[in-house]
Amino acid sequence: MVSIILPCRNEVRFIASCLESVLNNGFPFERLEVLVVDGMSDDGTRSIINEYSIKYDLIKMLDNPRKATPYALNIGIREAKGEVVMRLDAHTTCEKDYIARCTRVLFKYGADDVGGTCRIIAQDDTLVGRAIAKALTQRFGVGNLDYRFSKPEAPKLVDTVAFFCCRRELFEEIGVFNENLRRIEDMEFKRRLARAGCKIMLAPGAFIDYRARSELKLFWRHNWSDGLWIVLGFAPAELMPVCWRHLVPAGFVAALTATGLLAAGSSVFEWTFLAIAGLYSLVTVTVSIKIAVTEGDFRYCFVVPLVIASMHLMRGLGSLWGMVRLFTEGQLLHAIRLMLGELWRSKTHRTPNGGRVPGSSTT
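Residues numbered from 1 in each chain as written. Predicted model: local features only at pLDDT ≥ 70, side-chain atom pairs only at ≥ 80, totals over all residues. Heavy atoms only, no water.

Colleague: Explain the overall build of the protein to me, please; I cannot follow it from the model alone.
Modeller: The helix and strand tally for the protein stands at 14 helices and nine strands. Across the 363 residues in the protein, those meeting the buried criterion constitute 51%. Taking all contacts inside the protein whose residues are at least 6 apart in sequence as the whole, residues at least 24 apart take part in 79%. Surface exposure of the protein reaches about 17,200 Å², of which carbon and sulfur atoms provide 58%. Side chains of the protein give 45 positive and 38 negative charges; the mean places of these two sets differ by 4 Å. (Helix = DSSP H or I, 4+ residues; strand = E, 2+ residues; numbered from the N terminus. Buried < 20%, exposed > 50% of the residue type's maximum accessible area, 1.4 Å probe, protein only. Contact = heavy atoms within 4.5 Å. Areas by Shrake-Rupley, 256 points an atom, 1.4 Å probe, with all protein chains shown as cover. Lys, Arg positive; Asp, Glu negative; His and termini not counted. Charge placed at Lys NZ, Arg CZ, Asp CG, Glu CD.)

Take a look at the structure:
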């Protein structure tokens, strides 16, 4: 039996299409339950969920009065009856057989966590919306995320996947989601999986579509919040809660700011600033031109650079503000210790990919 946890709040535009993709996925209804954990929506989302729960016994709505995603996930995990627990998002629709393909890899290949290739599409069919979707599917934009780019013909070992599909007992070994994190709870959970030597796999032929934000203001706010919580997440953590790649935007913005400020008094820093900014601009424009040529629309040459640069800058600025907050709260040294500890562990405790570390599966 598979229990799907679907956290949501104010998703009146998308919740129906998400539920329809689950119902039409081809997985037997008698071995499926869908737990929609709603953060007290007030836009009509709850009435839609109620309609589906009346029509289909396998769909159940649960309340999440605290509204944050970690609480929703833990509520769902506690209520889940399935041997397999899978998470989806209200902004997603899964292609037919997604559930079966992920579950098959989970059991046949002894995986601990499985996901499919995540395709990014725009919420709204506008130039900016399409540009945001394109930016989120470029390695220069989001880094080396296999689940965004890879379409394997066989199950592939990766360091992370979108959402999760795992056996129920994994949460007893690794622990549930950290409710002290308003954001990045998924990143921190994946880090615990990696440290425990868990096998994370990308399932072949399993595709899921995610609708990305199409308004620049919302896109900027989302990236600022992500950047902020990437750093604030260090405060309640006992181990580094994110990967090093998540800190790259902060390093980029810090280097750009420092060399820019020092450029007034030193030609060395002036040239360093120009080199960093020039190289970044060159790569951004090159990526944008490639997209424009592929799509046959020259407007991408102007819009995509704005989207990519704003994404990196907002994430970086959010992270730097997070560092200021950690400093004022007396937690910055704690964060530095976690990073130094991560460096030490990476050099002295390398774990072969795909094997558990005995005794390490603790929160």
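Still more to cover.
Colleague: So what exactly am I meant to see when it comes to the confidence of the model for the protein here?
Modeller: When pLDDT is low, close inspection of the predicted coordinates is not appropriate. Averaged over the protein, the pLDDT score is 91; the fraction of residues at 70 or greater is 96%. Note on residues 351-363: pLDDT under 50 across the span, and 28 contacts to partners over four residues away in sequence or across chains. (pLDDT = per-residue confidence, 0-100.)

Colleague: What is the right way to read the sheet that holds strand E2 (residues 32-38) from this model?
Modeller: Strand pairing in a sheet relies on backbone hydrogen bonds, with the paired strands running either antiparallel or parallel. Read across the open sheet, the five strands follow the order E3-E2-E1-E4-E8; overall the sheet is mixed. Since the sheet does not close on itself, it has two edges, and those belong to strand E3 (59-63) and strand E8 (164-167), each with one partner. The mean inter-strand angle of the sheet, taken between neighbouring strand axes irrespective of direction, is 20 degrees. Alignment of E2 against E3, held across five bridges, turns out to be parallel. Looking at E3, one finds that Leu 35 is bridged to Lys 60. This element, helix H2 (residues 45-55), spans strand E1 (2-8), E2 and E3 of the sheet and lies at about 145 degrees to E3. (Pairing = 2+ DSSP bridges. Axes fitted to C-alpha atoms, helices over the stretch in contact; angles between N-to-C directions.)

Colleague: For this particular structure, what's the right way to read the pattern of salt bridges?
Modeller: Any two side chains of opposite charge can pair, given that their charged atoms come close. In this structure the tally under the stated criterion is 20 salt bridges. Close ionic contact of Arg 119 with Glu 95 constitutes a salt bridge, the shortest N to O distance being 2.8 Å. Of this pair, Arg 119 sits in strand E6 (residues 113-122) while Glu 95 sits in the loop between strand E5 (92-94) and helix H4 (98-108), and the two are 24 residues apart along the sequence. Across the pair Lys 190 and Asp 113 runs a salt bridge whose closest N-O atoms are separated by 2.4 Å. Here the residue Lys 190 occupies a position in helix H9 (residues 185-195), and Asp 113 occupies one in strand E6, the gap between them amounting to 77 residues. Take Asp 113: its relative accessible area is 0%, and that puts it in the buried class. Put simply, Arg 191, Arg 195, Glu 342 and Arg 345 are held in one network by salt bridges that share partners. (Salt bridge = Lys/Arg side-chain N within 4 Å of Asp/Glu carboxyl O.)

Colleague: Just to check I follow, could you spell out the nonpolar core for this structure?
Modeller: Most often, soluble globular proteins have nonpolar side chains that are buried together. In this structure, Ile 15 and Ile 59 are the most contacted members of the largest nonpolar core, which totals 90 residues. With eight residues, the single largest contributor to this core is strand E9 (residues 200-212). In this view, Ile 59 contacts Leu 19, Leu 23, Val 34, Val 36, Tyr 52 and Ser 53; residues no more than four positions away in its chain are not counted. The next biggest cluster of nonpolar side chains, apart from the first, holds 16 residues, and it includes Leu 181, Phe 234, Ala 237 and Met 240. (Core = buried A, V, L, I, M, F, W, Y, C linked by side-chain atoms within 4.5 Å.)

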